[in-house]
Amino acid sequence: MPEADVDKEAKQFFADVPQRTPGFSLKGCGALGWGMQNRMARVFNPETGRTVMLAVDHGYFQGPTTGLERMDLTIVPLIPECDALFCTRGVLRALVPAASRKPVVLRASGGPSILKELSNEELAMDIEDALRLNAAGIGVQVFIGGEFETRSVHNMTRLVDQGNRHGMPVMAVTAVGREMVRDARYFRLACRICAELGAHYVKTYYVAEGFETVTASCPVPIVMAGGKKIAEIDALTMAYNAVREGAAGVDMGRNIFQSDAPAAMLKAVSEVVHRAMKPRDALALYEELKRKG
Ligand code: 5RP
């Protein structure tokens, strides 16, 4: 029988208190469904609106990359320090403890190795497997200007359609061919195409000139890609500038796991991204943590 549990007088309806309607402040994500927003909130810290993703998916096209030869030994211990892990489903199943509560974004495209034309990718994972693995998102490479540009864009749009059906956010990764000019004009084009065609967030490279125009003209969050290993102070400065110029965080790989002290570097990047720590101070923190081992 309805409401037979306690005396009606003892119930609390707070009839004079209007129900709250919680908003969702992540850029361009206000109209997403609850499941999609919840997954985004697992990757982007709701307190800062930012994320430090640890990218360790490199093996999907370049095999045992330096620093990733034994991911059970080098990467698994780092997982607690990041906001989300970007990896392949193979590594997740084989090496990441299922008891880990860290959100995972899964690499969903692949095909060619470094020996072939990299833009010739296909979708390499079914959305069902991402759901089975409790992923917080999926990532796909988009090669604007590349030989197989249209195919890679089509991979992304198919994945976005699947993601929208299941509440799974899609991160588009703007991949740049060796012969292409890495400037703000190119990244504005690439990021905007990804967002217009439905990507829920975009991973792209930092450029010193005009990065704020890349983030401003992209209607969804941008996370900064790390790129090849550079000096710690330069990587920290790049992350600092990227978030100051509108990025919602970073998805960094080699500049963390190829550092002399990866855990220290991850902590320093986190301070920069979430607490706007100045690069010099973050470097001092890195050095101190490295010293302490
Ligand atoms: C290539 C990728 C990578 O596989 C990886 O995530 C790159 O990380 P980083 O450049 O920081 O080492 O997305 O475009």
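Small disclaimer: the values here were computed from a predicted structure and weren't measured.

(A) Representation of the overall build of the protein. Counting its secondary structure elements, the protein contains 12 helices and 10 strands. For 293 residues, the compact-globule formula gives about 19 Å, and the C-alpha radius of gyration of the protein, at 20 Å, lands near that figure. Viewed in the frame of its principal axes, the protein has a C-alpha envelope of about 75 × 50 × 40 Å. Across the 293 residues in the protein, those meeting the buried criterion constitute 44%. Put simply, 66% of the contacts in the protein that link residues at least 6 apart link residues at least 24 apart.

(B) Summary view of the nonpolar core. Counting 87 residues, the largest nonpolar core has M53, V105, A199, A239 and V269 as the members making the most contacts within it. What A239 contacts, discounting residues up to four positions off in sequence, is M224, V250, V269, V272 and V273.

(C) Highlighting unusual backbone geometry. In this structure, F14 is a non-glycine residue whose phi angle is positive, near 45°. Position of F14 relative to the elements: it lies in the segment before α1 (34–43). The class of F14 is exposed, set by 7 C-beta atoms lying within 10 Å.

(D) Fine view of the packing of helix α9 (residues 232–244) against helix α12 (residues 279–292). Put simply, α9 and α12 touch, their axes get as near as 9 Å, and they point 135° apart. The angle between the axes of α9 and α12 places the two elements in the oblique class. Of the two possible hands of crossing, α9 and α12 adopt the one that is right-handed. Residues E232, I233, L236, T237 and Y240 of α9 form the contact with α12, whose own contacting residues are P279, A282, L283 and Y286. Of the residues belonging to the contact of α9 with α12, the class tally is seven nonpolar, one polar and one charged.

(E) Representation of the pairing of strand β2 (residues 84–87) in the model. The side-chain alternation of β2 yields two buried faces, one formed by A84 and F86 and the other by L85 and C87. Note that strand β1 (residues 51–55) and β2 share three bridges and pair parallel. The residue of β2 that forms the bridge with L54 is L85. Examined bridge by bridge, β2 and strand β3 (residues 104–107) share three bridges and lie parallel to one another. Within β3, the position partnered with L85 by the bridge is V104. As for the winding sense of the linkage, the β-α-β connection from β2 through helix α4 (residues 89–95) to β3 is right-handed.

(F) Here's a closer look at the site of the ligand. Lining the immediate surroundings of the ligand are 13 residues, of which A55, V173, G226, G253 and R254 lie closest. The class makeup of the residues in the shell around the ligand is six nonpolar, five polar and two charged.

Calculation criteria
Residues numbered from 1 in each chain as written. Predicted model: local features only at pLDDT ≥ 70, side-chain atom pairs only at ≥ 80, totals over all residues. Helix = DSSP H or I, 4+ residues; strand = E, 2+ residues; numbered from the N terminus. Rg over C-alpha atoms; globule rule 2.2 N^0.38 Å. Buried ≥ 20, exposed ≤ 12 C-beta atoms within 10 Å, placed from the backbone. Contact = placed C-beta atoms within 7 Å. Core = buried A, V, L, I, M, F, W, Y, C linked by C-beta atoms within 7 Å. Axes fitted to C-alpha atoms, helices over the stretch in contact; angles between N-to-C directions. Parallel < 35°, antiparallel > 145°, perpendicular 65-115°, else oblique. Left-handed = near helix turned anticlockwise from the far one by under 90°. Nonpolar A, V, L, I, M, F, W, Y, C, P; charged D, E, K, R; others polar. Pairing = 2+ DSSP bridges. Right-handed = clockwise from strand over helix to strand, strands pointing away. Near = placed C-beta within 6 Å.

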